[in-house]
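Next come the chains, spelled out residue by residue.
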Amino acid sequence: MKPFFKPSILKTVLVTSAIALGACSKATPETLIVGDWKQGAPITIEEAGTTVSMTDTNITYAADGTSKGDVQMTLSGVPADFASYMISTTGTWKIEDGMLIEGISDIDVKPGSNAAQAIAIAAQMETAMAAEVESRSEIKTLTKDSLVVYQAETDLTMNFTR
């Protein structure tokens, strides 16, 4: 009885399968970025006499090009009643030519107090952030455990880890 597969055909199938599997497992920026990321260090911005600190940032990039995130924002140089905000977003992401391009589809800004001025500031932040079409960040580092991006328009480097 003749064998169903000739050894040369079987060898070709195995080699082709191994090459195909190897190609599938090659990490790309789009596969490396998928998952949960945490801010490595607080980000501080001086703006119009106020210091804005962003801490506890968490971002999740999904394989389908959607994202969600949250960040604690604190303002100094203002009364305590309207110094703290929790910002949560959902949006989209893509990578093109080494740039991480993100859009916001929904945003929720919760003030740390029920003061009328804090609620008004939160509403203004939501409106301003929702008006942003997209943000572009240069990807400086992207590995399975580290994401470093640079935003030229704000001159900020942001570090994230898993």
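Residues numbered from 1 in each chain as written. Predicted model: local features only at pLDDT ≥ 70, side-chain atom pairs only at ≥ 80, totals over all residues. Heavy atoms only, no water.

## Some remarks on the overall build of the chain
Along the backbone of the chain there are three helices and nine strands. Listed by position from the N terminus, the elements making up the chain come as α-α-β-β-β-β-β-β-α-β-β-β. Of all 162 residues assigned to the chain, the portion counted as buried reaches 30%. Considering only residue pairs separated by 6 or more positions, the chain has 44% of its internal contacts joining residues 24 or more positions apart. With an accessible surface of roughly 10,300 Å², the chain has 60% of that area assigned to carbon and sulfur atoms. (Helix = DSSP H or I, 4+ residues; strand = E, 2+ residues; numbered from the N terminus. Buried < 20%, exposed > 50% of the residue type's maximum accessible area, 1.4 Å probe, protein only. Contact = heavy atoms within 4.5 Å. Areas by Shrake-Rupley, 256 points an atom, 1.4 Å probe, with all protein chains shown as cover.)

## Things to note about the packing of aromatic side chains
A complete count under the given rule lists one aromatic pair for this structure. Taking the centre distance of 5.8 Å and the plane angle of 75° together, the rings of Tyr61 and Trp93 count as edge-to-face. Remark: Trp93 occurs in strand β5 (residues 84-96) and Tyr61 occurs in strand β3 (residues 50-61); sequence separation between them is 32 residues. With a relative accessible area of 3%, Tyr61 lands in the buried category. (Phe/Tyr/Trp six-rings, centres within 6.5 Å; stacked < 30°, edge-to-face > 60°.)

## Side note on the nonpolar core
Ile33, Tyr61, Met73, Tyr85, Leu100, Leu142 and Leu147 are the most contacted members of the largest nonpolar core, which has 30 residues in total. Broken down by secondary-structure element, the contributors of at least two residues to this core are β3, β4 (66-76), β5, β6 (99-111), α3 (116-131), β7 (135-142), β8 (146-151) and β9 (156-161). (Core = buried A, V, L, I, M, F, W, Y, C linked by side-chain atoms within 4.5 Å.)

## Observations regarding the environment of Leu156
Looking at where Leu156 falls in the secondary structure, it is placed in strand β9. Sequence separation between Leu156 and Thr44 is 112 residues; the distance between their C-alpha atoms is 9.1 Å. In contact with Leu156, other than residues within four places in its own chain, are Ile43, Ile45, Val149, Tyr150 and Gln151.

## With respect to the environment of Thr44
In this fold, Thr44 is placed in strand β2 (residues 43-47). Contact partners of Thr44, with chain neighbours within four places excluded, come to Thr51, Val52 and Ser53.

## Quick word on unusual backbone geometry
For residues that are not glycine, phi is negative in most cases, and the peptide bond is trans in most cases. Its identity as a non-glycine residue notwithstanding, Asp56 has a phi of 55°, on the positive side. Structurally, Asp56 is set in strand β3. In this model, Asp97 sits at a positive phi of 50°, which is unusual for a non-glycine residue. Within the fold, Asp97 resides in the loop between β5 and β6.

## Thoughts on the side chain of Ser137
Of note, Ser137 is situated in strand β7. On the basis of relative accessibility, which here comes to 1%, the residue Ser137 falls in the buried class. Within polar-contact distance, the side chain of Ser137 engages the side chain of Gln151 at 3.5 Å. Excluding residues that lie within four positions of it along the chain, Ser137 makes contacts with Gly98, Met99, Leu100, Val149, Tyr150 and Gln151. (Polar contact = N/O pair within 3.5 Å; in protein donor to acceptor, adjacent residues only side chain to side chain.)

## Overview of the pattern of salt bridges
Following the criterion strictly, the structure yields five salt bridges and no others. Where Lys94 meets Glu96, a salt bridge forms, and the shortest distance between an N and an O atom there is 3.5 Å. We classify Glu96 as partly exposed; its relative accessible area is 37%. (Salt bridge = Lys/Arg side-chain N within 4 Å of Asp/Glu carboxyl O.)

## A few points about the pairing of strand β1 (residues 35-39)
A regular strand places its side chains on the two faces of the sheet in alternate fashion. As paired strands, β1 and β3 are joined by four bridges and run antiparallel to one another. Bridge pairing in β3 places Asp36 opposite Thr60. Inspection of the sheet shows β1 paired to β9 by two bridges, in the antiparallel sense. Paired with Gln39 across the two strands is Phe160, which belongs to β9. (Pairing = 2+ DSSP bridges.)

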